[in-house]
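# Observations on the three-dimensional arrangement
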Amino acid sequence: MVHGRTGSPSSHNWYQIEGTPPPTTQFKDPINGKMIIELRSTGGQTVVPPSRYTSGDTHLDLRWESFDTPGKVTGEDLLRAVARVASITLVAEHWPQQGSRHVAALALAGTLLRGGCTIEDAQDFIEGVCVAAGDDEVKDRLAAVASTAERIAAGEMTTGAPTFADLTDEKIVSTIQRWLGLKQAACPGGWDTPILFDQIKTPEIPASLLPG
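In this report, we go over the structure that sits alongside the text. (Residues numbered from 1 in each chain as written. Predicted model: local features only at pLDDT ≥ 70, side-chain atom pairs only at ≥ 80, totals over all residues. Heavy atoms only, no water.)

### So, helix H2 (residues 101–114)
Heads up, the rule is: Comment: elements are numbered from the N terminus, with helices defined as DSSP H or I runs of at least four residues and strands as E runs of at least two. Every helix has an expected span of 1.5 Å times one less than the residues it contains. Buried, partly exposed and exposed residues are distinguished by accessible area as a fraction of the type maximum, computed with a 1.4 Å probe on protein chains only: under 20%, between the cut-offs, and over 50%, respectively. Contacts between residues were defined by any pair of non-hydrogen atoms, one from each residue, lying within 4.5 Å.
End to end, H2 covers 20 Å across 14 residues, agreeing with the expected 20 Å (1.5 Å per residue, within 8%). A large share of H2 lies buried, amounting to eleven of its 14 residues. Of the residues making up H2, those classed as buried are Arg101, Ala104, Ala105, Ala107, Leu108, Ala109, Gly110, Thr111, Leu112, Leu113 and Arg114. Looking at the buried positions of H2, the neighbouring elements they touch are helix H1 (75–93), helix H3 (119–133), helix H4 (138–153), helix H5 (161–167) and helix H6 (170–180). Downstream of H2 by a residue or two, glycine 116 has a phi angle that is positive, lying close to 120°.

Rendered as structure tokens:
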């Protein structure tokens, strides 16, 4: 079941939840507060066709574009899918300008892969970003995922969340990490949690080992 309104076709997709319904959840851009997508559940309200939505002098006609049996899905799967759409849209909205996109793809790949995504998931995600952002160098961006995966497998250094935050914004990184449930793993060679010096147990050094 799909409905939309004047100027915004196919904007509402209906699903039938199997099991416990997820809570109504809004996904907003952390930079400008703009609503990206909303999962509206029990307790929420939606104006449905054939109603007319009126706001001031604006009149929007609502219409069904597909009126059939709604797709069945679990609440967990639907929430996960909506969060992924929101994350791709958020990254695409703040995708760097031409000239920095290869570096951004490497850093985003590192963020996703070290966060627990598979290579296929990371490539699908970045391809979605490219489509939404109008980045036509998709092959280069997908190759960045493959090369990053190889370096991680070899135990080598890669860029990741810190670099992507420098290219976009720290709020963008922390938001997609939360929405996607990514681990915030440190890169090899990076700083670990500081340890107080007096808590380190070290062996005594014999004076004979010191140079004259």
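There's plenty left to go through after this.
### With respect to the side chain of histidine 3
As a reminder of what qualifies: Distance and chemistry together define a polar contact, namely a pair of N or O atoms within 3.5 Å, with one atom able to donate a hydrogen and the other to accept it when in protein, and with adjacent residues in sequence counting only for side-chain atoms on both sides.
Residue placement: histidine 3 occurs in strand S1 (residues 2–5). On the basis of relative accessibility, which here comes to 1%, the residue histidine 3 falls in the buried class. There is a polar contact of 3.0 Å between the side chain of histidine 3 and the side chain of tryptophan 14. A distance of 3.5 Å separates the side chain of histidine 3 from the backbone oxygen of valine 47, its partner in a polar contact. If we ignore the near neighbours within four places in the chain, the residues touching histidine 3 are Ser10, Ser11, His12, Trp14, Thr46, Val47, Pro49, Leu62, Arg63, Trp64 and Glu65.

### Some details on the packing of aromatic side chains
Put simply, the rule is: Here a Phe, Tyr or Trp ring, Trp counted by its six-membered ring, pairs with any other such ring whose centre lies within 6.5 Å, and the pair is stacked when the planes are under 30 degrees apart, edge-to-face when over 60, and tilted otherwise.
For the structure on display, the rule yields four aromatic pairs. Between the aromatic rings of tryptophan 95 and phenylalanine 164, the centroid separation amounts to 6.3 Å while the plane-to-plane angle is 50°, which identifies the pairing as tilted. With tryptophan 95 in the loop between H1 and H2 and phenylalanine 164 in helix H5, this residue pair connects regions lying 69 residues apart in the sequence. No difference in accessibility class separates tryptophan 95 from phenylalanine 164, as the two residues are buried. The rings of Trp14, Trp64 and Phe67 are connected pair by pair, giving a single aromatic cluster.

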